[in-house]
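Descriptive structure summary
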Protein chains: 2
Amino acid sequence: MTYTVQEVAKKMGLTTYTVRYYHDHGLLPYVKRDENNNRVFDDVDLEWVHLITCLRQTGMPLESIKHYFDLVIEGESTVPERYQIMLAQQQRTLDEISELNHHLETINKKVAHYADVLINAKPDTYEPSNIAATSDSEPDMVTKA
Amino acid sequence: MTYTVQEVAKKMGLTTYTVRYYHDHGLLPYVKRDENNNRVFDDVDLEWVHLITCLRQTGMPLESIKHYFDLVIEGESTVPERYQIMLAQQQRTLDEISELNHHLETINKKVAHYADVLINAKPDTYEPSNIAATSDSEPDMVTKA
DNA sequence: GCCTTGCCTTAGAGTGGGTATAAGGGGTTA
DNA sequence: TAACCCCTTATACCCACTCTAAGGCAAGGC
């Protein structure tokens, strides 16, 4: 099974620009060309694209992904370095998730606060007393002198 | 309590470049200047920086953050729109976390695979039989003709 | 036979969000 | 009076896309 740039992009949730960008930057070393010089991808190429997506979205720069791919191509002897790279990536991802969970709490509070303001506001449509009642410690309630 | 650019940067885990960048782009509308034209931040400004960081790291573009801040400044009447913005941001963050967890699984498998290769390789230091034994379906084991 | 459509190509410019450098000013310490 | 450190503005650079321009090739319709 082979695919065009466009099919790969659609399948992997990327733009055609991005797929070509990866190829042009040496991250898809096995992609072939047809008689019209069009890129021809197969299922293995798709797996590489998937791995790029995974590593990119967990914060690895393209240059590091390229380095890792070079190690994979180099063969078995590079497994120790590849192991260290993946361990680091695992930790980075765990950190990122925990940070996002922390930020999510902040956002949850905002949502709850606004929901509260909206419910309390409904009967009286922004009475001064209600405005005063909502002036808690939320940053957006502090409208500075 | 007031702070210099540098103190704010350190306190919030940003660079001075970034703090000035935010200020220059109108995201810190209340920051003052001293007699030498130096930026002077107070605790409320710090809360704004914190909120920028939270929204940025959960994927909101600076322009949208600015829009949200404009709504906050505009006052109580904008609460419905602010509520919608925060709801969207909440959902985006939940999606992002779930995606990261998915990617984490892929990375976990890599780590487990490499750990396995390393443990099996140790007694015999890359014997051909062990190399063959590890040729499972991992993408990086498919080294194409 | 040619024209539209629709995909592909390359080269190069633009964007977002920083990150850094250059060139210079102000104020404290020694 | 010089060293040091922080500040300023303006400008350039970086990554990872993202898009535009200009054009090639092939299939289908008139």
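Residues numbered from 1 in each chain as written. Chains lettered and ligands numbered in written order. Predicted model: local features only at pLDDT ≥ 70, side-chain atom pairs only at ≥ 80, totals over all residues.

1. Here's the deal with the sheet that holds strand β1 (residues 2–3) of chain A
Residue and element names in this part refer to chain A.
- If you walk across this open sheet you meet the three strands as β1-β3-β2, and the pairing is antiparallel. Because the sheet does not close on itself, it has two edges, and the strands there are β1 and β2 (32–33).
- Two elements, β2 and strand β3 (residues 39–42), share two bridges in a ladder whose sense is antiparallel. Residue pairing in the sheet places R33 in a bridge with R39 of β3. (Pairing = 2+ DSSP bridges. Helix = DSSP H or I, 4+ residues; strand = E, 2+ residues; numbered from the N terminus.)

2. Examining the domain arrangement of chain A
All names here are of chain A.
- For chain A, the assigned domains are domain 1 (2–74) and domain 2 (79–145).
- Taken residue by residue, the interface counts seven residues in domain 1 and seven residues in domain 2.
- With three residues, the top contributor of residues to the side of domain 1 that touches domain 2 is helix α4 (residues 62–74).
- Classifying every residue of the side of domain 1 that touches domain 2 gives five nonpolar, two polar and no charged. (Domains from an automatic or database assignment. Contact = placed C-beta atoms within 7 Å. Nonpolar A, V, L, I, M, F, W, Y, C, P; charged D, E, K, R; others polar.)

3. Things to note about the packing of helix α1 (residues 5–12) of chain A against helix α3 (residues 43–57) of chain A
Residue and element names in this part refer to chain A.
- α3 packs onto α1 with a crossing angle of 45° between their chain directions and a minimal axis gap of 11 Å. Between α1 and α3, the crossing angle belongs to the class labelled oblique. The two elements α1 and α3 meet at a crossing, and its hand is right-handed. Counted together, V8, K11 and M12 of α1 and L46, V49, H50 and T53 of α3 form the full contact between these two elements.
- Looking at the contact of α1 with α3, its residues break down into four nonpolar, two polar and one charged. (Axes fitted to C-alpha atoms, helices over the stretch in contact; angles between N-to-C directions. Parallel < 35°, antiparallel > 145°, perpendicular 65-115°, else oblique. Left-handed = near helix turned anticlockwise from the far one by under 90°.)

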